Amino acid sequence: MTTLITVLVVLVFAVLLYGFYLMQKRHAKFSTRVYIALAVGIVFGGLLQLIFGVENEIITQSMDWIRIVGDGYVSFLQMLIMPLVFISIVAAFTKMKVSEKLGKISATVLTTLLATTAISALIGIGMTMLFNLQGAEFTQGAAETARISELATRQETVEGLTIPQQILSFIPKNIFADLAGTRATSTIAVVIFAAFVGVAYLGVKRKAPKEAAFFSDLIDSLYRIVMRIVTLVLRLTPYGVFALMTNVMATSNFEAIINLGKFVLASYLALFAVLIVHSLILMGVKVNPLDYFKKAFPVLSFAFTSRSSAGALPLNIETQSKALGVDEATANFSASFGLSIGQNGCAGVYPAMLATIVAPSAGINVFSPEFILMLVAIVTISSFGVAGVGGGATFASLIVLGAMNLPVAIVGLVISVEPLIDMARTATNVSGSMVAGIVTSARIKDLDRDVIKDDSKVIDVNV
């Protein structure tokens, strides 16, 4: 009977997938299909949990099949990450009309990412205090105990890791190994190597224009090929979003969410506050936040459901350059840098909240200016090199808690609500990188404001 019901659930899922295919055949807007996929996934997954329950074997078996679509889509996106990061950064140099803008672009992107991370940390601290969570104790069950044991092993990899050692880990020793993503800092290592290639190209361009032109044409061809592959993968977005949202809703422990409701609510309000800060920054460069969020919603909704900043990279670049009017060089820089530097949600809000919660247990006064300033500084510095493929928040939290000599068990105690909070964290990360792109493009006076206001300029992968 269990097998029969599982087959029926998977068949219903397949029928709903076919519905999205029909929408595509009728040329429904890409954004519309993404919105509907998100809503249908929430309803379908929620109904499955209400009918069968989280621990039911039917849910376990059916999700194994449904994850083929969701996780398969994320895997396709992750397949593109390293080639896209490398080609995007190098192409940013070859497409740059004025090389003198290079320093201004990189400096503005990095400054914006780090500044918003520092602000995010302050918001996380403030929201924890507002909800009176400092010193709060959470229930430790079997899942939490197992997670704490796992963290003890992970802690060994970051324990005693000084800031200089962390900086050294960014440098690519073997670029082929980093292209294969063998290290937590592989993404930023590829960014650094690609930057070296780009700077070398600028040098060759001055001394040997003919060879530089050949290289530029080659990179342009590779960029077009990679972006065409991106387009093919992005066509699967509604199916992937639907499957991912179904899995989240069907497997989330609603009882645990209720038990940790105060922490979840504080986290979401903190992340929402960061988005308000993003809006204020956009207003500072004369960009309407409503126009921004309307154009950015497809990529933010994907980041929300997939919980992968790296997986959202192709959509991020496409959205910035085609829907938000950001010049291509800046879009490539900000999206790529945002994968591993200054993630506002995972490396800003979350570690700051956890550190503030456990600080009283170590006899620290969380209201003291010394604690707040030190925590914000450590969070900001530690935001370098945070992986954007899942687990980045845990990695960042372990570094921050270790640097502050605070117990790391808190990371394991909130494991039951981790997926729910991680969705909003990831969307906030991606928004931060996109805002950095807009601010930078506005600063170098290459932002096409007409594109932002044009409702027809949206991500469309129907062709």
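Sequence order as written defines residue numbering, which begins from 1 separately in each chain. In view of the model being predicted, local features appear only for residues whose pLDDT reaches at least 70, and side-chain atom pairs are presented and counted only at 80 or more, with totals across whole chains, interfaces and linings using the full set of residues. Where side-chain values are given, they derive from all heavy atoms of the structure, hydrogens and water being excluded.

The name an unreviewed UniProt entry gives the protein chain is L-cystine uptake protein TcyP, with Candidatus Enterococcus wittei as the organism. UniProt positions are given in the numbering used here, feature names are shortened, and annotations may be inferred rather than shown by experiment. Regarding the protein chain, the UniProt comment filed under Sequence similarities (unreviewed entry) reads as follows: "Belongs to the dicarboxylate/amino acid:cation symporter (DAACS) (TC 2.A.23) family." For the protein chain, the Subcellular location (unreviewed entry) comment in UniProt is given as "Membrane".

**Student:** So what about the overall build of the protein chain? Which residues, and what values?
**Tutor:** Along the protein chain, the regular secondary structure elements total 21 helices and zero strands. Note on exposure labels: buried denotes an accessible area under 20% of the residue type's maximum, exposed denotes more than 50%, and partly exposed covers the range between, all computed with a 1.4 Å probe on protein chains only. Considering the protein chain as a whole, with its 463 residues, one finds that 55% of them fall into the buried category. Contacts in the protein chain between residues at least 24 apart in sequence constitute 84% of all its contacts with a sequence separation of at least 6. On the protein chain, roughly 19800 Å² of surface is accessible, and the fraction owed to carbon and sulfur atoms is 66%. Think of it this way: any DSSP run of H or I at least four residues long counts as a helix, any run of E at least two long counts as a strand, and we number them from the N terminus. Residue contacts follow a heavy-atom distance rule, with two residues in contact if any of their heavy atoms lie within 4.5 Å. The Shrake-Rupley method, run with a 1.4 Å probe sphere, supplies the accessible areas, and residue values consider only the shown protein chains as cover.

**Student:** Which residues make up the pattern of salt bridges, and what values go with them?
**Tutor:** Salt bridge, as applied in this entry: a Lys or Arg side-chain nitrogen positioned within 4 Å of an Asp or Glu carboxyl oxygen. Summed over all chains, the structure comprises five salt bridges. The shortest N-O distance in the salt bridge between Arg67 and Asp64 comes to 3.3 Å. Here Arg67 and its partner Asp64 are both found in helix α3 (residues 57–95), three residues apart, which amounts to about one turn of the helix. Residue classification places Asp64 among the partly exposed positions, given a relative accessible area of 46%. Measuring nitrogen to oxygen at the nearest pair gives 2.6 Å for the salt bridge that ties Asp422 to Arg425. Of this pair, Asp422 and Arg425 are both found in helix α20 (residues 418–443), three residues apart, which corresponds to roughly one turn of the helix.

**Student:** With reference to specific residues and values, describe a nonpolar patch on the surface.
**Tutor:** There is a patch of nonpolar side chains on the surface, built from Met1, Leu4, Val7, Leu8 and Leu11 and spanning about 530 Å² of accessible area. Within the element layout of this structure, Leu4 appears in helix α1 (residues 2–25). A patch consists of residues whose relative accessible area exceeds 30% and which take part in no salt bridge; residues with like charges are grouped when within 9 Å of each other, and nonpolar side chains (Val, Leu, Ile, Met, Phe, Trp, Tyr) when within 5 Å.

**Student:** Go over the confidence of the model for the protein chain with me, naming the residues and quoting the values.
**Tutor:** On average, the protein chain scores 84 in pLDDT, and the residues at 70 or more come to 89%. You can read pLDDT as the predictor saying how much it trusts each residue, on a scale of 0 to 100. Per-residue pLDDT, averaged within each element of the protein chain, yields its smallest value for helix α5 (residues 142–158) (52) and its largest for helix α12 (residues 261–284) (94).

**Student:** Go over the packing of helix α13 (residues 289–306) against helix α14 (residues 313–323), please, and point to the residues and values.
**Tutor:** Between α13 and α14, the least distance of the axes is 10 Å, while the angle of their chain directions is 180 degrees. Put simply, α13 runs roughly antiparallel to α14. Where α13 approaches α14, its residues Lys295, Ala296, Pro298, Val299 and Phe302 are matched on the opposing element by Leu315, Asn316, Thr319 and Ala323. Of the residues belonging to the contact of α13 with α14, the class tally is six nonpolar, two polar and one charged. In this analysis an axis means a line fitted to C-alpha atoms, helices contributing only their contacting stretch, and an angle means the value between N-to-C directions, from 0 to 180 degrees. Here is the rule for angles: anything less than 35 degrees is roughly parallel, anything more than 145 is roughly antiparallel, 65 through 115 is roughly perpendicular, and the remaining ranges are oblique. Each residue gets one label: Ala, Val, Leu, Ile, Met, Phe, Trp, Tyr, Cys and Pro are nonpolar, Asp, Glu, Lys and Arg are charged, and the others, such as Gly, are polar.

**Student:** Give me the packing of aromatic side chains: which residues, what numbers.
**Tutor:** We call Phe, Tyr and Trp rings a pair once their centres come within 6.5 Å, taking the six-membered ring for Trp, and we label the pair stacked below 30 degrees between planes, edge-to-face above 60, and tilted otherwise. By the definition in use, this model includes 12 aromatic pairs. Centroid distance Phe86 to Phe193: 6.0 Å. Interplanar angle 20 degrees. Geometry classified as stacked. Of this pair, Phe86 sits in helix α3 while Phe193 sits in helix α8 (residues 186–207), and the two are 107 residues apart along the sequence. For Phe193, a relative accessible area of 30% translates into the label partly exposed. Seen in terms of ring centroids, Tyr292 and Phe293 are 4.8 Å apart; in terms of plane orientation they differ by 70 degrees. Their pairing is edge-to-face. For Tyr292, a relative accessible area of 0% translates into the label buried. Accessibility expressed as a relative area gives 24% for Phe293, which makes it partly exposed. Following the ring pairs from residue to residue traces out a cluster consisting of Phe13, Phe20, Phe44 and Phe242. Lying over the aromatic face of Tyr350, Arg425 brings its terminal NZ or CZ to 4.1 Å of the ring centre. In this analysis the charged atom, NZ for Lys or CZ for Arg, is taken to sit over a ring once it is within 6 Å of the ring centre and within 35 degrees of the ring normal.

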